[in-house]
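Structural overview for review
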Number of protein chains: 2
Amino acid sequence: MQASIITVGDEILIGQVIDSNSAWLGQQLSEIGISVKKIWSVADESDQIILGMKQALEETDILFMTGGLGPTKDDITKKAIADFLGRDMYFDEPTFERIKSIFEKLGRSMSPSHHDQCMMPNGVEILFNSMGTAPGMLFRHEGKIIISMPGVPYEMKAIISEIVLPMIKSTSSIKICHKTILTACTGETTIENMIGDIVNSMPPYIKVAYLPAIASVRVRISGTGSDEAKLNDEIQHYTQLISQKLGDIVYGYDDSSLEQEILTLAIQKDLKISTAESCTGGAIASRLVTVPGSSAYYMGSIVAYDNAVKQNLLHVPEETISRIGAVSEETVKAMVIGVNQALQSDVSIGVTGIAGPDGGTPEKPVGHIWICVGNKDIQETFLLKAGKNRLKNIETTTFYALDMLRKFILKEY
Amino acid sequence: MQASIITVGDEILIGQVIDSNSAWLGQQLSEIGISVKKIWSVADESDQIILGMKQALEETDILFMTGGLGPTKDDITKKAIADFLGRDMYFDEPTFERIKSIFEKLGRSMSPSHHDQCMMPNGVEILFNSMGTAPGMLFRHEGKIIISMPGVPYEMKAIISEIVLPMIKSTSSIKICHKTILTACTGETTIENMIGDIVNSMPPYIKVAYLPAIASVRVRISGTGSDEAKLNDEIQHYTQLISQKLGDIVYGYDDSSLEQEILTLAIQKDLKISTAESCTGGAIASRLVTVPGSSAYYMGSIVAYDNAVKQNLLHVPEETISRIGAVSEETVKAMVIGVNQALQSDVSIGVTGIAGPDGGTPEKPVGHIWICVGNKDIQETFLLKAGKNRLKNIETTTFYALDMLRKFILKEY
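Just so you know, these numbers come straight off a predicted model, no measurement behind them.

1. Digging into the domain arrangement of chain A
- The domain boundaries assigned to chain A delineate domain 1 (2–169), domain 2 (175–253) and domain 3 (258–412).
- When each unit is reduced to the centre of its C-alpha atoms, the spacing between domain 1 of chain A and domain 2 of chain A is 35 Å.

2. Notes on the nonpolar core
- In this structure, Ile273 of chain A together with Ile273 of chain B are the most contacted members of the largest nonpolar core, which totals 79 residues.
- Counting 36 residues, the second largest nonpolar core, distinct from the first, contains Leu57, Val124 and Ile146 of chain A together with Met120 of chain B.

3. Topic: the sheet that holds strand E11 (residues 216–225) of chain A
Residues and elements named next belong to chain A.
- Taken in spatial order, the 4 strands of this open sheet run E10-E11-E9-E12, and their pairing is antiparallel. The sheet is open, and its two borders are formed by strand E10 (206–213) and strand E12 (250–253), each paired with just one other strand. Within the sheet, the average angular offset between the axes of one strand and its neighbour, ignoring direction, is 25°.
- Pairing geometry for strand E9 (residues 175–184) and E12, over 3 bridges, is antiparallel. Along E12, the bridge assignment pairs leucine 182 with glycine 252.
- Lying on the sheet, helix H8 (residues 188–200) is in contact with E9, E10 and E11; it crosses E10 at an angle near 170°.

4. Considering the pairing of strand E14 (residues 298–304) of chain B
- Among the 7 residues that make up E14 of chain B, 7 are buried, leaving the element largely enclosed by the rest of the structure.
- Where strand E14 (residues 298–304) of chain A and E14 of chain B come together, 5 bridges link them in antiparallel fashion. When the sheet's bridge partners are listed, isoleucine 302 of chain A is paired in E14 of chain B with isoleucine 302 of chain B.
- Bridge count for strand E13 (residues 273–277) of chain B against E14 of chain B is 5 bridges, and the pairing is parallel. Residue glutamate 277 of chain B lies in a different strand from E14 of chain B, and its bridge partner there is valine 303 of chain B.
- With helix H11 (residues 283–288) of chain B bridging E13 of chain B and its parallel neighbour E14 of chain B, the resulting β-α-β unit is right-handed.

5. Remarks on the packing of helix H2 (residues 20–31) of chain B against helix H7 (residues 153–171) of chain B
All names here are of chain B.
- At a closest axis distance of 11 Å, the pairing of H2 and H7 adopts a crossing angle of 15°. Classified by the angle between their axes, H2 and H7 sit roughly parallel to one another. When the axes of H2 and H7 are compared, the crossing they make is right-handed. Contacts between H2 and H7 involve Asn21, Trp24, Leu25, Gln28 and Leu29 from the former and Pro153, Met156, Lys157, Ile160, Ser161 and Leu165 from the latter.

6. Quick notes on H8 of chain A
- Most pronounced at methionine 194 of chain A, the bend in H8 of chain A amounts to some 50°.
- Within the sequence span of H8 of chain A, burial applies to Glu188, Thr189, Ile191, Ile195, Gly196 and Ile198 of chain A.

7. Let's talk about the packing of aromatic side chains
- A complete count under the given rule lists 12 aromatic pairs over all chains for this structure.
- When the centroid spacing of 5.5 Å and the interplanar angle of 50° are considered together, the rings of phenylalanine 91 of chain A and phenylalanine 96 of chain A count as tilted.
- Taking 5.9 Å as the distance between ring centres and 70° as the angle between the ring planes, the aromatic pair formed by tyrosine 251 of chain B and phenylalanine 399 of chain B counts as edge-to-face. Here tyrosine 251 of chain B is found in strand E12 (residues 250–253), whereas its partner phenylalanine 399 of chain B is found in helix H15 (residues 390–412), with 148 residues between them in sequence.
- A relative accessible area of 3% places phenylalanine 399 of chain B in the buried class.

8. With respect to the environment of alanine 342 of chain B
- Here alanine 342 of chain B shows up in helix H14 (residues 329–342).
- In sequence terms alanine 342 of chain B and proline 212 of chain B are 130 residues apart; their C-alpha atoms lie 37 Å from each other.

9. With respect to the pattern of salt bridges
Residue and element names in this part refer to chain B.
- Summed over the entire model, instances satisfying the criterion amount to 26 salt bridges over all chains.
- Put simply, aspartate 403 and lysine 407 hold a salt bridge, and the shortest N to O gap is 3.7 Å. In this pair, aspartate 403 and lysine 407 are both assigned in helix H15, 4 residues apart and thus about one turn of the helix distant.
- When its relative accessible area of 3% is taken as the criterion, aspartate 403 is described as buried.

10. Quick word on H2 of chain B
- For H2 of chain B, which comprises 12 residues, the first-to-last C-alpha distance of 17 Å matches the rise-based estimate of 16 Å (1.5 Å per residue) to within 8%.
- Asn21, Ser22, Ala23, Trp24, Leu25, Gly26, Gln28, Leu29 and Ser30 of chain B are the residues of H2 of chain B that are buried.
- Against the buried residues of H2 of chain B lie helix H1 (10–13) of chain A together with strand E1 (2–8), strand E2 (35–42), strand E3 (62–66), H7 and strand E9 (175–184) of chain B.
- Glycine 33 of chain B, located one to two residues past H2 of chain B, shows a positive phi value of around 90°.

11. Side note on the sheet that holds strand E6 (residues 125–127) of chain B
- Pairing is mixed across the open sheet formed by 12 strands, whose spatial order is E6(A)-E7(A)-E8(A)-E3(A)-E1(A)-E2(A)-E2(B)-E1(B)-E3(B)-E8(B)-E7(B)-E6(B). With partners counted over all chains shown, the strands left at the sheet margins are strand E6 (125–127) of chain A together with E6 of chain B, one partner each. The average angle at which neighbouring strand axes cross in this sheet is 20°, direction not considered.
- Bridge count for E6 of chain B against strand E7 (residues 136–141) of chain B is 3 bridges, and the pairing is antiparallel. Paired with glutamate 125 of chain B across the strands is leucine 138 of chain B, a residue of E7 of chain B.
- Sheet contacts for helix H7 (residues 153–169) of chain A: strand E3 (62–66), E6, strand E7 (136–141) and strand E8 (144–149) of chain A; angle to E3 of chain A, the most-contacted strand, approximately 165°.

What counts as what
Residues numbered from 1 in each chain as written. Chains lettered and ligands numbered in written order. Predicted model: local features only at pLDDT ≥ 70, side-chain atom pairs only at ≥ 80, totals over all residues. Heavy atoms only, no water. Domains from an automatic or database assignment. Core = buried A, V, L, I, M, F, W, Y, C linked by side-chain atoms within 4.5 Å. Buried < 20%, exposed > 50% of the residue type's maximum accessible area, 1.4 Å probe, protein only. Pairing = 2+ DSSP bridges. Helix = DSSP H or I, 4+ residues; strand = E, 2+ residues; numbered from the N terminus. Axes fitted to C-alpha atoms, helices over the stretch in contact; angles between N-to-C directions. Contact = heavy atoms within 4.5 Å. Right-handed = clockwise from strand over helix to strand, strands pointing away. Parallel < 35°, antiparallel > 145°, perpendicular 65-115°, else oblique. Left-handed = near helix turned anticlockwise from the far one by under 90°. Bend = angle between axes of the 7 residues up to and from the residue. Phe/Tyr/Trp six-rings, centres within 6.5 Å; stacked < 30°, edge-to-face > 60°. Salt bridge = Lys/Arg side-chain N within 4 Å of Asp/Glu carboxyl O. Expected span 1.5 Å × (residues − 1).

Quick look at the structure:
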C-alpha cells in the first residue's frame, strides 16, 4: 500500500513552520509497511488543495492530509475536500455535542468558528480527536482512502496513534522492517566500500540506505515482505554481518545517540565524567546533558575560554602556554589532567583549538583542534583537521570528542 | 515570480530526516519577493523526480531542487535532470580540478564517487559550493529556471546565500524591503496589543508579521514597491515608532542575536563575562561562543552539574545546599559570586533548576529554575517557571539568562 501526504498551510511555504508532521507520519507509516511515495506542501487555497488531492490519488492508495493550524484554515481544507468529492455539507450533531461539553467543562462559551467545526462533508467517517475539538475525517472514494486531520501536531498524532494505525494494522498483510546502524567519524564512501560485498549479497527485498550527518553516517537496512518474523531475522542477520565488518565505528542502533550510549556505559561501569573545553565553549557539556538522567554520571565542565582560566582552574602551566601555545597537545593533556582532578572524576575530555573563522596561523590554521580523552594515568590525543566554518567545527569536534570518550571507556574499563 | 521546491530523498519520506531545507529556502525566497507555491518531497527514483519536475515547471517559474544527501543520491537527481531535459552528460574539468585540490590539501585521495560528481548534464551553469565538493547546478529550459543543489544544509545554504539570491535580486524590478525588530521574553499577543495602533496606521503596501520562537518574537516590517529609497525611509520610520513603543524588550535588529548584542556591549564597556551553569549544562556558554570574536570578553564557564562542583569550585556553602537546596535563590546568588571571583570577571550569570523530565517535587516542580545575573556588589535574581520539556526548558532558560545579562549591563555600566 502506498501513501501520500498533503500538508496545507502558507506558514510552511514561507518557512515560518518546519513541517515536522510529515516526518512523524512517514516514520509511523513506514513502520507498519506503508511507504510514503510523496509529500506535498500546498497553500491555503482551495484550487491548490484540490489539485494536490487529484495528483495524490492518481499515484497512491491512501492520502493523509493535515490542515493548516487553527479553525479558519481547517475550514478551507474541509470545503476543498467536499468540492473534490462532490459532496454537500451537513451539521454533525454528535460533534457539536462533544465540543459543547468540552466548553462547558472549561466554563467557556463556543465561538462561531467552533460551530463551523461541526459542518462535515456527507459520507464522512469521524475519527475521534482526544486532544482537541476538531475531529479527524475519513473518506472512501473510488477504492481509495482520504484521511484529513487538524495540523496541530499533538492532535494529529493522537488521531493517528489511537485510531488510524490500529485500523490499518488490522487489515494489512505486507510488513516493512527496519534496523539502523549508527557509525561515527568515518565517511559514507569508506563505509560503502567496507560493506559493499555484504550489501551485494542481499536479496532484492532488503535494501540499504546511507544517511550522513556531521561526522556520522546512519546505515539503514529495510526489508519488505509478508512474514514479519522471517524478515526481522534476516535483517538481524545482515545487521550483525555489517556491524562485525564495521567494528568499533558502530556506536549504537536505531534512535540511540552518542550521548545516550555514553550515559549507559558510564553508569554500567560506574564512572564519573568531566570535560574541559576551550574552543567548543560548552558544546560538549550541553550535548551530554540533553539526555535525561545525565546527572548520574556527569560532574560538569570547566569552560576555559580564556587562558587565565586554563592556568588558574585547570593548572595548565603558564610556561606550557607561553612556550608551545594554548592550542597544543601538551596543553590539551594538561587540561584533561587538571579537570579530572578539579572535578573529582574518573575520565575526562579536553579540547583546545582554533574554531575560526579568524585566529589561524600558517602553523595552526583555522580548524586545527586538539582533542584529548583520559584519566589520571593515560591520556590519548587526536589532532582534528577541520574546516573553516566555526559552527561546523564546534559540532564536528564535539562528535569526535564524544566518540573518543566512548572508545576509551570500552578499552580501559 | 513563483517558485516550487522539490526535495529528493527516501529519508524524508520515511521520516528519518525532517525537511528543514525547504523551510529555510521558503524564508529566504519570500524575503526577496518570490512566493513558494508548492513543496514536493519525492523518493530517490528517477521517474518520481522527473514527474515532480514536470508538474513543478507547469505551475511555477523557478524550481529549486535539493538532492538526497551524499554523492550516490546526488547522482540519481543529476541523471533525472539530464533525462528530463534530454541532455547528455559530460565530464567537467574545472569541477574535477577543484575537488582534486581540496583532497590534496586534506592529504586524502579521491574516490570513484567523487569522479561521478564531475559528470554534468550539458548546458549546465555551475554554482560554486564554498562548503563542499558537489557544486550547485542551474539550467534554463523553455523560459523557466531549474536550480539543483546538494541536500547537505550548510552546502545548500552557502550556494543560495552566496550565489543564487544576489543573482535574483540583481534582475528584479519590484523591490521588497524588510526590517526585523528582535524582542525578548514577551508574548506575541502582548506585542500585538502594544503596537496595534501603529500597525493600523500603516499604508497597505507595508505589512507586519510576527515570528515567534522560544522566548522571543521577531516583528518583521515588509514593504513592496518600485522606489527602494522611499520604501526604506518609510520602513525606518515605522521601525523607530514600534521600537520606542516596545522599549527595552527590543534587543536588536535583523540578523543580530542576543549573543551578538552581548558581545558588542561587553567590548564597548570593556567587561569580562563568565557563567556558572547547573541545569543548562553549558548551553549558555556554548551559545555565547557561537559568535566569532567572543574570546575578547568571555572568560569561560564552570558547569557545576554535580553539587560537589558547586561547593568546591564555586564555593557555594555546603550548609546552604543542605538547608535550602541546590535549586534556590541563595545557591544561585552564591554561584554568581563564586564564578565571578574564580574566573576573574566583571559580570556573571548563574543558573540552577530542574530541567526535567524527572526530579521535580511539589515545592520545586520540573521547570522551576533560578537565574541570577550580577557582579561582586549586586546580584539580581529571577525565578523562571517553565514547562515539562527538558530541551525546551534549557533553551528558554538560556534565552532569559542572556536577556537579563543584556539588561544588567545596560543598567549598571
